[in-house]
Amino acid sequence: MSERAITPVTKSARQQLIIDLVGSREIHSQQELAALLAARGVHVTQATLSRDLVELDALKIRLASGALVYAVPAEGGDRIPIAAESAAAANRLSRLASELLVSAEASANLVLLRTPPGAAQFLASAIDKVEFGDILGTIAGDDTVVVISRDPVGGESLAHKFTSLAERNEVS
């Protein structure tokens, strides 16, 4: 069984893949982006890729190293590559876990995180922004977040990861 998600060949899916690629690595050219898309089974013409980048408001930004790379607006319109945000995202998750996590319970590859009413989506969004490699995804309700582990028996270790995050930040 493949760990790769099945992605429909739609404009929305293609543009989301572009956002994911641009947000997760330094991409210097449209040719490089087209090759990355092709490696994931999405073949586009240069004209289509160019239109997608315009529709996504993608720009080339200069990194501290001087390299020009593509960036797309994040929440709030920021155009900071995700790699630069990863430490801030981890700190935000740790802070939110200490403020919002009421309990964590595991079963097989699932973790149920309880929060106060109305807070689950904040915690789930923070988890998604950190992009843990061992997490397949999150589902948030009003006061509950379901975290799905890639490992069929990884729920227990993920539950400990979240309680440790909450406790570590609470002590500081």
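Residues numbered from 1 in each chain as written. Predicted model: local features only at pLDDT ≥ 70, side-chain atom pairs only at ≥ 80, totals over all residues. Heavy atoms only, no water.

Participant: I'm lost on the sheet that holds strand β3 (residues 103-107) in this one. Help?
Facilitator: Paired through their backbone hydrogen bonds, the strands of a sheet run either parallel or antiparallel. Pairing in this open sheet of four strands is antiparallel, and the strands run β3-β4-β6-β5 from one edge to the other. Of all strands in the sheet, those bounded by a partner on one side alone are β3 and β5 (135-140). Strand-to-strand twist across the sheet, computed as the mean angle between neighbouring axes with direction ignored, equals 20°. (Pairing = 2+ DSSP bridges. Helix = DSSP H or I, 4+ residues; strand = E, 2+ residues; numbered from the N terminus. Axes fitted to C-alpha atoms, helices over the stretch in contact; angles between N-to-C directions.)

Participant: Explain the environment of N109 to me, please; I cannot follow it from the model alone.
Facilitator: Within the fold, N109 resides in the loop between β3 and β4 (110-114). Owing to a relative accessible area of 24%, N109 belongs among the partly exposed residues under this scheme. Taking the C-alpha atoms as reference points, N109 and V153, 44 residues apart in sequence, are found 4.9 Å from one another. Excluding anything up to four places from it in sequence, N109 contacts V147, I148, S149, D151, P152, G154 and G155. (Buried < 20%, exposed > 50% of the residue type's maximum accessible area, 1.4 Å probe, protein only. Contact = heavy atoms within 4.5 Å.)

Participant: What is the right way to look at the packing of aromatic side chains in this model?
Facilitator: A ring pair, where both rings are aromatic, is described by two values, the distance of the centres and the angle of the planes. All chains considered together, the criterion is met by one aromatic pair. When the ring of F132 is compared with that of F162, the centres are 6.3 Å apart and the planes differ by 85°; the resulting orientation is edge-to-face. Pair noted here: F132 is in the loop between α5 (120-130) and β5 and F162 is in helix α6 (residues 155-171), with a separation of 30 residues, a long-range link. With relative accessibility at 1%, the residue F162 sits in the buried group. Here the guanidinium or amino end of K161 rests over the ring plane of F132, the centre of that ring lying 4.4 Å away. (Phe/Tyr/Trp six-rings, centres within 6.5 Å; stacked < 30°, edge-to-face > 60°. Lys NZ or Arg CZ within 6 Å of the ring centre and 35° of its normal.)

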